[in-house]
Structures are given as C-alpha cells and as structure tokens.
Amino acid sequence: SQQGEEDPQALSIQEGENATMNCSYKTSINNLQWYRQNSGRGLVHLILIRSNEREKHSGRLRVTLDTSKKSSSLLITASRAADTASYFCATTGAGGTSYGKLTFGQGTILTVHP
Amino acid sequence: KAGVTQTPRYLIKTRGQQVTLSCSPISGHRSVSWYQQTPGQGLQFLFEYFSETQRNKGNFPGRFSGRQFSNSRSEMNVSTLELGDSALYLCASSLVWQGLDNEQFFGPGTRLTVL
C-alpha cells in the first residue's frame, strides 16, 4: 500500500505556466523526496527536503514541507514540454529501521503542451 | 560516474518459470534496494541489501528473494512466476542509508512480462 496520496492525479498545462503538485503522507518521516519518471522508465531524483526544513529550491523547482499537516508540494515554474512526465513523492520513515525503503505516492501525471 | 545499470532490460517468461534480474549500483554505493512497479499497486518496496546482508524487506511472498555480492552488485530472483508478477522492476542504490540524507538513484528497470 502507498504511504499517501498525490493531488492532482493528472495535470495538463501550457508551456510557460507553473505546475503545482501536492503530496500527503501518513507517518513521521526523516525526509521527503520527489522523483520524475518518463514513460515507464527509471526514476530520476529531483530534490530532497529534510524533515527539519520547510522549503527548498533547485533551479525551476520549489518544494515545501509541512510536517504538522504531513504534506508537501512541488512547484515547477515556467514549465517546458520536456517536463512532461509522472512525478512521485517518496518518504523515508523516521527512526533507524526503514533501511533502503522509500514509500511512494501514487504519482501525478503532468502534461505540458507546447 | 556511471549510473545504476540493470540487466536485462526486457524479459518474457511463462507462468511457473523463474527469473533472475541483475543490478549494478553506482560505484561506491553500498545500499541496494529493489522495487516493483505495476499500474495497480504503484511502486512497492521489495527489499534492501547492504554489505551482503538483507536489512529490510517489504510485504512480498517468499517467491521473491535477493542477494548482494561483495562488490555490491545485487540480484533478485522470482520463482514460480505468476501472471501478476508482470511489472517493471527497479533497482536503486545509495551511498549509505542513515540520517536525514539518503537519496536513491534508480536504474532504468527491467520490464518483466509473464505469459
């Protein structure tokens, strides 16, 4: 079963617009990561935000984390057609026993139209 | 630095057969995790190996097994294949797994089709 949910399940926008995806999770975490997957291929790591951080930026990406609400959002600014992909949030459970385990959300399918 | 590699990339098997998938992590990475991705269940954790020891296991039947070699390369095996085992199997590696920083880097996956 998945850790949480992502919202929306699908998002369709025009090039140049911003895309916002949300992720909710259920248990305490050490960090939350966002990944991109193009058409059934491997996952590409985008950004990691620690549980003691509230916001992080990387290029056109902005991630926020609200541990009190157990939620995160990923903002992609000035989107491009090449950003078309599925986006997943993944969490690492708090504590020392969740070795090697990322728990993924269901993903958001982003389509950027040229 | 070369990324995570997985072989084979595509595989077709029939029910009842067994299959072995291979993963070579990024050089220097000692933690290797395996995931199964299906349209219905999404991405699910199978197991993790570190220094040839399985440290964590997901909720999969015993038909799914794995191992890690001294060079950190890992294999996973699925015996007595079922139709529901058709999936994309992803391998991921990380330097270590501790603290608040444990990024995983994924390979391209092995697409397994069970007929």
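Residues numbered from 1 in each chain as written. Chains lettered and ligands numbered in written order. Predicted model: local features only at pLDDT ≥ 70, side-chain atom pairs only at ≥ 80, totals over all residues. Heavy atoms only, no water.

Draft legend 1. Geometry of the interface of chain B and chain A. Between chain B and chain A, the contact holds 24 residues from the first and 25 residues from the second. Summed over both sides, the interface between chain B and chain A buries roughly 2000 Å², with carbon and sulfur atoms accounting for 53% of that surface. For the pair chain B and chain A, the number of links is 0 salt bridges. Counting every contact that joins chain B to chain A gives 8 residue pairs in polar contact (both at pLDDT 80 or more). The residue inventory of the side of chain B that touches chain A, partitioned by class, reads 9 nonpolar, 10 polar and 5 charged. (Contact = heavy atoms within 4.5 Å. Buried area = accessible area lost by both parts, 1.4 Å probe. Salt bridge = Lys/Arg side-chain N within 4 Å of Asp/Glu carboxyl O. Polar contact = N/O pair within 3.5 Å; in protein donor to acceptor, adjacent residues only side chain to side chain. Nonpolar A, V, L, I, M, F, W, Y, C, P; charged D, E, K, R; others polar.)

Draft legend 2. Up close: the confidence of the model for chain A. Across chain A, the average pLDDT comes to 92, with 94% of residues at 70 or higher. Mean pLDDT values over the elements of chain A span from 84, in strand β1 (residues 5-7) of chain A, up to 98, in strand β7 (residues 61-66) of chain A. (pLDDT = per-residue confidence, 0-100. Helix = DSSP H or I, 4+ residues; strand = E, 2+ residues; numbered from the N terminus.)

Draft legend 3. Broad picture of the sheet that holds strand β8 (residues 74-78) of chain B. All names here are of chain B. Here we have 4 strands laid out as an open sheet, ordered β1-β3-β8-β7, and antiparallel in their pairing. Across the chains shown, the open sheet's two edge strands, defined by having one partner strand only, are β1 (5-7) and β7 (64-68). In this sheet, neighbouring strand axes are inclined to one another by 20° on average, regardless of whether the strands run parallel or antiparallel. (Pairing = 2+ DSSP bridges. Axes fitted to C-alpha atoms, helices over the stretch in contact; angles between N-to-C directions.)

Draft legend 4. Layout of the environment of Phe69 of chain B. Residue and element names in this part refer to chain B. If you trace the backbone, Phe69 turns up in the loop between β7 and β8. With a relative accessible area of 23%, Phe69 lands in the partly exposed category. Spatially, the C-alpha atom of Phe69 lies 5.7 Å from that of Glu52, the residues being 17 residues apart in sequence. Contact partners of Phe69, with chain neighbours within four places excluded, come to Glu52 and Glu75. (Buried < 20%, exposed > 50% of the residue type's maximum accessible area, 1.4 Å probe, protein only.)

Draft legend 5. How the structure looks around the state of the cysteines. Enumeration over the complete set of coordinates arrives at 2 disulfides over all chains. For Cys23 of chain A, the disulfide goes to Cys89 of chain A, at an S-S distance of 2.0 Å. The S-S bond linking Cys23 of chain A to Cys89 of chain A shows a torsion near 70°; that makes this disulfide right-handed. One end of the pair, Cys23 of chain A, is in strand β3 (residues 19-24); the other, Cys89 of chain A, is in strand β9 (residues 85-93), with 66 residues separating them in the sequence. The two residues Cys23 of chain A and Cys89 of chain A agree in class, both being buried. Across the disulfide from Cys23 of chain B sits Cys91 of chain B; the S-S distance is 1.7 Å. Disulfide Cys23 of chain B-Cys91 of chain B: torsion about the S-S bond near -50°, hence left-handed. Here Cys23 of chain B, found in strand β3 (residues 19-24), pairs with Cys91 of chain B, found in strand β9 (residues 87-94); they are 68 residues apart in sequence, far enough to count as distant. Of the residues examined, Cys23 of chain B reaches a relative accessible area of 0% and is grouped as buried. Under the relative-accessibility criterion, Cys91 of chain B is labelled buried at 0%. (Disulfide = S-S within 2.5 Å.)

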